[in-house]
Amino acid sequence: MTQSFRIRRATTADVPLIKQLVAPLAEQRILIAKETVAYYEGLQEFKIAEGDDGAMLGCGALHVMWEDLAEIRTLATAEEARGRGVGSALVEALLEEALLLGVGRVFCLTFEEAFFRRHGFRVMEDQSAVDPVVYSELLRSHDEGVAEFLDLARVKPNTLGNTRMIRDL
C-alpha cells in the first residue's frame, strides 16, 4: 500500500521533527546539522512533505541569496519514504517558490548529482556564477550557504566533498 503525501509550509511544531530527520544524515556527513535556533530562524524557508497519517516524510528549504539566486538546502527524506517521489515533490515545490519570489537561478550543494540532474540542475563548472560586484556583496554575508556557493576556503571542511550544482529557471 502506497501512502500519499502533501507538501505544506513548515510550522514551529515541525522544528523538532526536522532536527530528527536531519540527524542521521548529519551523522553520515550527508547534511550539516544546525543548532535548533537556526531552524527556527529559517523556518519560513521550509516546506514539509507530510503523509496522510500526519507523519513528516521529508523537508527542504529555499534560501534566497541574492536578487536572482537562491539555494535549496536541508533537503531530507525519511528512510521509509525514499523512492516514493517525496524528494522530487519537495524540489519541485521549492523551485516553484523560487519562481514566485522572482529568483532566476537555484543552487544546491549535494552528493545526489543524478537526482538533481533529473530536476534540471548542472554541475557548476564556472566558479564565477555571479558578477564581481555581486560577489563582493555576497562576501559580506554571514550565511554558511553563501560561503559554500562562493566556494570560499573557510567552508571547505564543511562542504563534505559534495558537488555544487545550479539550475536556471
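For the structure itself, look to the data block above.
Overview of the structure. Every value quoted in this text rests on a predicted model; they were computed, and no experiment measured them.

1. Focus on the side chain of His 119
Line of reasoning, step 1. Positionally, His 119 belongs in the loop between helix H4 (113-118) and strand E6 (122-123).
Line of reasoning, step 2. Residues within four places of His 119 in sequence aside, it is in contact with Ser 88, Val 91, Glu 92, Leu 95 and Arg 167.

2. Overview of the packing of aromatic side chains
Line of reasoning, step 1. Enumeration according to the criterion identifies three aromatic pairs in this entry.
Line of reasoning, step 2. When the centroid spacing of 5.1 Å and the interplanar angle of 85° are considered together, the rings of Phe 116 and Phe 121 count as edge-to-face. Judged on exposure class, the residue Phe 116 and its partner Phe 121 are both buried.
Line of reasoning, step 3. Here the aromatic cluster, defined as three or more aromatic residues joined through ring pairs, consists of Phe 115, Phe 116 and Phe 121.

3. Points about the pattern of salt bridges
Line of reasoning, step 1. One pass over the structure, following the stated rule, counts nine salt bridges.
Line of reasoning, step 2. Among the ionic pairs, Arg 105 bridges to Asp 68, the shortest N-O distance being 3.4 Å. With a gap of 37 residues between them, Arg 105 in strand E5 (residues 105-110) and Asp 68 in the loop between strand E3 (56-66) and strand E4 (69-77) connect regions that are remote in the sequence.
Line of reasoning, step 3. Note on Arg 105: relative accessible area 14%, which makes it buried.
Line of reasoning, step 4. Notably, a salt bridge pairs Arg 117 with Glu 113, separated by 3.1 Å at the nearest N-O pair. Highlighted residues: Arg 117 and Glu 113, both in helix H4, separated by four residues, approximately one helical turn.
Line of reasoning, step 5. Judged by its relative accessible area of 45%, Arg 117 is partly exposed.
Line of reasoning, step 6. Given the relative accessible area of 28%, Glu 113 is considered partly exposed.
Line of reasoning, step 7. The network of salt bridges with shared partners includes Arg 6, Arg 8, Asp 14 and Glu 50.

4. A word on helix H3 (residues 86-101)
Line of reasoning, step 1. Taking 1.5 Å per residue as the helical rise, H3 with its 16 residues ought to reach 22 Å, and the 23 Å between its terminal C-alpha atoms agrees with that figure.
Line of reasoning, step 2. Three or more residues of H3 are buried, namely Val 86, Gly 87, Leu 90, Val 91, Ala 93, Leu 94, Leu 95, Glu 97 and Ala 98.
Line of reasoning, step 3. Downstream of H3 by a residue or two, Gly 102 has a phi angle that is positive, lying close to 90°.

5. Quick notes on the nonpolar core
Line of reasoning, step 1. Counting residues in hydrophobic clusters, the biggest one holds 37 residues, and the most contacted among them are Ile 18, Ile 72, Val 91, Val 106, Phe 116 and Phe 121.
Line of reasoning, step 2. Those elements giving two or more residues to this core turn out to be helix H1 (15-27), strand E2 (46-51), E3, E4, H3, E5 and H4.

Rules used in this analysis
- Every residue gets a number counted from 1 within its own chain, in the order that chain's sequence is written.
- In keeping with the predicted nature of the model, local features appear solely for residues at pLDDT of at least 70, side-chain atom pairs appear and are counted solely at 80 or more, and the whole-chain, interface and lining totals rest on all residues.
- As a convention, hydrogens and water are excluded, and side-chain values are obtained from all of the structure's heavy atoms.
- Segments assigned H or I by DSSP are reported as helices when at least four residues long, segments assigned E as strands when at least two residues long, and all are numbered from the N terminus.
- By the convention used here, residues are in contact when the closest approach between their heavy atoms is within 4.5 Å.
- Ring pairs shown here join Phe, Tyr and Trp side chains whose ring centres sit within 6.5 Å, with only the six-membered ring taken for Trp; geometry is labelled stacked below 30 degrees between planes, edge-to-face above 60, and tilted in between.
- With a 1.4 Å probe rolled over the protein chains alone, any residue whose accessible area is under 20% of its type maximum counts as buried; one over 50% counts as exposed, and the rest are partly exposed.
- A side-chain nitrogen of Lys or Arg and a carboxyl oxygen of Asp or Glu constitute a salt bridge if their distance falls within 4 Å.
- Between the first and last residue of a helix there are one fewer steps than residues, each counted as 1.5 Å, and that sum is the expected span.
- In these notes, a set of buried Ala, Val, Leu, Ile, Met, Phe, Trp, Tyr and Cys residues joined through side-chain atoms within 4.5 Å is what counts as a nonpolar core.

Don't take any of this as a statement about function, it's just geometry.
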